[in-house]
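# Per-entry structural report
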Amino acid sequence: MPVKLTKAEDPVIHNIQAIAELERHALDKRTLVDRVTAVVTRVSGSTTFIAVHAVWFATWIALNTTWYSFDAYPFNLLNLIVALEAVFLTSVVLMTQNRMAGLTDRRAHLDLQVNLLAEQELTAMLHMLHGLCTHAGVKVTIRDERVQQLLTETDIHKIAVALDRKLDAD
């Protein structure tokens, strides 16, 4: 009969809770500027923002082609306002992307650390399995070179150098 795990013991739930905690911590760590830029980016990336701008531009142009014109064609004031808005929005988006890139780098480092730990654990388990077989008198001949390689510790620096050489060659 399979053992029923409680929510606290379930590894999937535990992992989800750990990830959620990391995300909450990252959100809580944001500065006021980060929070403001996130809001501006979210609002300016919405369909409503685009629709409001389309209506605003159409109204501005329509109004300035009538007797009530205050910014006649070629709409220099409108061009100035739009250019200034573009500069600020671009800066805000770049700040948001920089923050997101930092979070992505952090997650990649965490992922690499977990992968390296998993590799070390698997190597240790292979050694234990080989030792148990030897202790039980089961003769294990390792003919496959890949299995022999798995029994050795992975040198991350050697792999990184080989990867860099391959990427530079391509």
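For the structure, see preceding data.
Treat the numbers as computed from the prediction; the structure is a model and nothing was measured.

Check the secondary structure of the protein chain and you find six helices and zero strands. Scanning the protein chain from its N terminus toward the C terminus, one meets helices and strands in the order α-α-α-α-α-α. A compact globule built from 170 residues would reach a C-alpha radius of gyration of about 15 Å, whereas the protein chain, at 29 Å, exceeds it by more than 25%. With the C-alpha coordinates of the protein chain rotated into their principal frame, the extents come out at 100 × 50 × 30 Å. Looking at the protein chain residue by residue over its 170 residues, the buried ones come to 8%. Excluding contacts between residues fewer than 6 apart, the proportion of contacts in the protein chain whose partners are at least 24 apart in sequence is 55%. With an accessible surface of roughly 14,100 Å², the protein chain has 67% of that area assigned to carbon and sulfur atoms. Computed over 16 positive and 19 negative side-chain charges, the separation of the two mean positions in the protein chain equals 4 Å.

For the structure on display, the rule yields three salt bridges. A salt bridge links R24 to E21; its shortest N-O distance comes to 3.1 Å. Remark: E21 and R24 occur in helix α1 (residues 11–28); sequence separation between them is three residues, near one turn of the helix. Given the relative accessible area of 45%, R24 is considered partly exposed. Residue classification places E21 among the partly exposed residues on the basis of a relative accessible area of 46%. With its nearest N and O atoms 3.7 Å apart, the salt bridge here joins R99 to D34. Note that R99 is positioned in helix α4 (residues 76–135) and D34 in helix α2 (residues 32–44), a separation of 65 residues in sequence.

A cluster of nonpolar side chains, namely L63, W67, Y68, F70, L77, L80, L84 and F88, defines an oily patch on the protein surface of about 1,000 Å² accessible area. Here the element with the most residues in the nonpolar patch is α4; it accounts for four residues. Residue position: F70 is located in the loop between α3 (47–63) and α4. When its relative accessible area of 49% is taken as the criterion, F70 is described as partly exposed.

What follows deals with α4. An ideal rise of 1.5 Å per residue puts 88 Å on 60 residues; α4 measures up with 87 Å between its terminal C-alpha atoms. Buried residues of α4: L78, V92, T96, L103 and T123, and no others. For α4, the secondary structure elements touched by its buried residues are α1, α2, α3 and α5 (145–150). Just downstream of α4, G137 is the residue with a positive phi angle, here 85°.

Each value, and the rule that gives it
- Residues numbered from 1 in each chain as written.
- Predicted model: local features only at pLDDT ≥ 70, side-chain atom pairs only at ≥ 80, totals over all residues.
- Heavy atoms only, no water.
- Helix = DSSP H or I, 4+ residues; strand = E, 2+ residues; numbered from the N terminus.
- Rg over C-alpha atoms; globule rule 2.2 N^0.38 Å.
- Buried < 20%, exposed > 50% of the residue type's maximum accessible area, 1.4 Å probe, protein only.
- Contact = heavy atoms within 4.5 Å.
- Areas by Shrake-Rupley, 256 points an atom, 1.4 Å probe, with all protein chains shown as cover.
- Lys, Arg positive; Asp, Glu negative; His and termini not counted.
- Charge placed at Lys NZ, Arg CZ, Asp CG, Glu CD.
- Salt bridge = Lys/Arg side-chain N within 4 Å of Asp/Glu carboxyl O.
- Patch = residues over 30% accessible without salt bridge, like charges linked within 9 Å, V, L, I, M, F, W, Y side chains within 5 Å.
- Expected span 1.5 Å × (residues − 1).

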